[in-house]
Amino acid sequence: MPSWVPSEETKPAPMPLLLVQSFVNTWDGDRGSDLLLDPAAARDWLTQAGLWSTESAPDPAELHLARGAREGIRAMLVANSGGPPPAPGDLQPLQAVVQASRPALQVGPGGQVTLGPDPADQPGAGLLTLLLAIRDAQRDGTWPRLKACGNPDCRWAFYDRSHSRAGAWCSMATCGNRIKNRKLRQRHRLPEHVACGRRVRPSAEPRMIRCSVAGRPGFGLRWHL
Ligand SMILES: [Zn+2]
């Protein structure tokens, strides 16, 4: 796996979509880390990924745009997972990238026609490379398989290789079970007594409970379930 792919990646996308996936995963909700927050860390990662070609680190405005583009892509991946479509504001940074840089069509020595960013278009060139990878994936049918984890605290980008295309979690062992357990706990949460908030074990028959609301200490209230 290339050095710019997170070491814990268990569901990598094929190239060049892996580039988009790893870009989205520069934000790690589990660790609370963001590689696009610090200029030097961002330059190192973007350079390794081939998305940055100058010695100088991105300035605050460039980093802001990169983070906005990343969250725009993440919103698209949430939609790929069956979530809501991206809000217009989510895609605005990506539209800004497109307006600021123009792709260049080139014919290689073997007659291979390629579309890529104009090298003079820094800093938007790297982000345009990602958009072109998304365009290709949308055409070849691999795009819907790149999804954001169903755990709202995680949203890790993962590639769903399952036959059913119904994968919902970056990892069933972590996020899948975490959400399942959370739902289970919510389902089994004991109902709260309206007056004192005490949780009462459900029972088939109405019964008296001891309510400790101020002004009514020790008062027995009827609790219907
Ligand atoms: Zn997850």
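Note that the structure is a prediction, hence the values are computed from the model and not measured.

A. Here's a closer look at the packing of aromatic side chains. Throughout the structure, instances matching the rule amount to one aromatic pair. Measuring from centroid to centroid gives 6.4 Å for Phe23 and Trp45, while their planes differ by 40 degrees, and the two rings are tilted. Of this pair, Phe23 sits in helix 1 (residues 17–24) while Trp45 sits in helix 2 (residues 39–48), and the two are 22 residues apart along the sequence. On the basis of relative accessible area, Trp45 is assigned to the buried category, the value being 7%.

B. Geometry of the pairing of strand 4 (residues 113–117). Pairing geometry for strand 3 (residues 103–107) and strand 4, over five bridges, is antiparallel. The partner of Ala104 across the bridge, within strand 4, is Gly116. Hairpin connection between strand 3 and strand 4: a loop of five residues separates the two successive antiparallel strands, and Gly111 in this loop has a positive phi of roughly 85 degrees.

C. Summary view of the coordination of the zinc ion. Surrounding the zinc ion are the protein donor atoms Cys149 (SG), Cys154 (SG), Cys170 (SG) and Cys175 (SG), at 2.3 to 2.4 Å. Geometry at the zinc ion is tetrahedral, judged from the four donor atoms that bind it and their angles of 105 to 115 degrees at the metal. Sequence spacing of the donor residues for the zinc ion, all on one chain, is C-x4-C-x15-C-x4-C. Each member of the pair, Cys170 as well as Cys175, is classed as buried.

D. Region of interest: unusual backbone geometry. The step from Met15 to Pro16 runs through a cis peptide bond, and the omega angle for that step is 0 degrees. Of note, Pro16 is situated in the segment before helix 1. Notably, Arg155 is not glycine yet its phi reads approximately 55 degrees, a positive angle. Counting through the fold element by element, Arg155 comes out in the loop between strand 5 (146–148) and strand 6 (157–159). The backbone of Arg165 shows a phi angle near 60 degrees, a positive value even though the residue is not glycine. Inspection of the secondary structure assignment puts Arg165 in the loop between strand 6 and helix 6 (172–188). The exposure class of Arg165 is partly exposed, given its relative accessible area of 42%.

About the thresholds
Residue indices follow the written sequence of each chain, beginning from 1 at its first position. Only residues with pLDDT of 70 or above have their local features reported here, since the model is predicted, and side-chain atom pairs are shown and tallied only from 80 upward, although totals for entire chains, interfaces and linings are computed over all residues. Side-chain metrics in this entry use all non-hydrogen atoms of the structure; hydrogen atoms and water are not considered. Put simply, two rings from Phe, Tyr or Trp (the six-membered ring, in Trp's case) pair if the centres are within 6.5 Å, and we call them stacked under 30 degrees between planes, edge-to-face over 60, tilted for the rest. Segments assigned H or I by DSSP are reported as helices when at least four residues long, segments assigned E as strands when at least two residues long, and all are numbered from the N terminus. The cut-offs for exposure are 20% and 50% of the maximum accessible area for each residue type, with area from a 1.4 Å probe on protein chains only; residues under the lower value are buried, those over the upper are exposed, and the others partly exposed. Only strands that DSSP links by at least two bridges are regarded as paired with each other. Nitrogen, oxygen and sulfur within 2.8 Å of a metal are treated as its donors, or within 3.2 Å for sodium, potassium and calcium (Na, K, Ca); water is not counted, so a site can appear incomplete. Angle rules define the geometry names used: all angles between 85 and 135 degrees makes four donors tetrahedral, while opposite donors over 155 degrees apart and all other angles between 65 and 115 make four donors square planar and six octahedral, leaving every other case irregular.

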